[in-house]
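What follows is each chain in one-letter form.
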Amino acid sequence: HHRDCKWTQVMKAENVVYFESSTEAQSKDFKPCRACCRDHLNATLRRDIAMSLEGVTDRLEMERLGMRAFFASIGEHRALYQIMREAEFVDPDVYAWHYETLGAAYQRGIERAIAEGQLSPDLDPEIAVDVLMGASEFIGWKYGIRGAGEPTEAQYEHLVGFIARGLMYRGGDT
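Overview of the structure.

1. Quick notes on the overall build of the chain
For step 1, the next point in the chain: Within the chain, the secondary structure is distributed over seven helices and zero strands.
For step 2, the next point in the chain: Going from the N terminus to the C terminus, the chain shows its helices and strands as α-α-α-α-α-α-α.
For step 3, the next point in the chain: Entry remark: accessible area of the chain is about 10500 Å², with carbon and sulfur atoms responsible for 53%.

The following block contains the structure:
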């Protein structure tokens, strides 16, 4: 880590090795701290999800595959995901940027699906994205961070069914 790295504030001192530059870290066979870079986790999640959706045009199928990719990405990059969750307290601006950036891209996809008639025209895209991200965030925490394994196939299907019904919301349905 660089001496100004904000992430070291939440790490145990014995787990931190300081370097003056990335070059110095690499010269001593250490990888530079990529987790400190706000773009890394965000770009990793977006890439992993986009790769899972390649060629898919059905929004509900995109939700199904996107959730699986999200959970797989959390499992593969658990430490990065944990660091981003801790950013809420260490660097709230980075935390907000991360979720706002993911949410904006997600919302564009929901708006496109509404315009194409795949989702209910009564659906509020911003609220839908907040609900979807909140649910996936909690489930990601439970299974990815808390170590509860992965959701079972039945749990995935329940989640996707819940999402599908929510995305087909009609005004007045309560």
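2. A few points about the nonpolar core
Side chains of a nonpolar character, in soluble globular proteins, are inclined to be buried together.
For step 1, the next point in the chain: Counting 30 residues, the largest nonpolar core has F71, Y106, I110, L119, L123 and L167 as the members making the most contacts within it.
For step 2, the next point in the chain: Breaking this core down by element, the ones donating at least two residues are α2 (38-53), α3 (59-76), α4 (78-90), α5 (92-115), α6 (125-145) and α7 (153-167).
For step 3, the next point in the chain: With near-sequence residues (within four places) excluded, F71 lies in contact with S136, I139, G140, Y156 and L159.

3. Some details on the layout of surface pockets
For step 1, the next point in the chain: In this model, the largest pocket occupies a volume close to 630 Å³.
For step 2, the next point in the chain: Surrounding the largest pocket, 22 residues form its lining, I49, L53, R59, L102 and Y106 being those nearest its centre.
For step 3, the next point in the chain: Among the elements of the structure, α2, α3, α5 and α6 are those that each provide at least two residues to the lining of the largest pocket.
For step 4, the next point in the chain: Partitioning the lining of the largest pocket into residue classes produces 14 nonpolar, three polar and five charged.

4. Describing the packing of aromatic side chains
For step 1, the next point in the chain: By the definition in use, this model includes four aromatic pairs.
For step 2, the next point in the chain: For the pair F71 and Y156, a centre-to-centre distance of 5.9 Å together with 50° between the ring planes defines the contact as tilted. Linking F71 in helix α3 with Y156 in helix α7, this pair joins segments that are 85 residues apart in sequence.
For step 3, the next point in the chain: Ring centres of F138 and W141 lie 5.3 Å apart, and the angle between their planes is 40°; this geometry places the pair in the tilted category. Residue F138 and its partner W141 are located together in helix α6, separated by three residues, close to a single helical turn.
For step 4, the next point in the chain: Judged by relative accessible area, which is 25%, W141 ranks as partly exposed.
For step 5, the next point in the chain: Site record: aromatic cluster; members linked through ring pairs are F70, F71 and Y156.
For step 6, the next point in the chain: Looking at R68, its charged tip hangs above the ring of Y156, at a distance of 4.1 Å from the centre.

Definitions and limits used
Residues numbered from 1 in each chain as written. Predicted model: local features only at pLDDT ≥ 70, side-chain atom pairs only at ≥ 80, totals over all residues. Heavy atoms only, no water. Helix = DSSP H or I, 4+ residues; strand = E, 2+ residues; numbered from the N terminus. Areas by Shrake-Rupley, 256 points an atom, 1.4 Å probe, with all protein chains shown as cover. Core = buried A, V, L, I, M, F, W, Y, C linked by side-chain atoms within 4.5 Å. Buried < 20%, exposed > 50% of the residue type's maximum accessible area, 1.4 Å probe, protein only. Contact = heavy atoms within 4.5 Å. 1 Å grid on protein atoms, 1.4 Å probe; cavity = no way out; pocket = protein on both sides within 12 Å on 5 of 7 lines; lining within 4 Å. Points joined across faces, edges and corners; volume = space filled by probe spheres on them. Nonpolar A, V, L, I, M, F, W, Y, C, P; charged D, E, K, R; others polar. Phe/Tyr/Trp six-rings, centres within 6.5 Å; stacked < 30°, edge-to-face > 60°. Lys NZ or Arg CZ within 6 Å of the ring centre and 35° of its normal.

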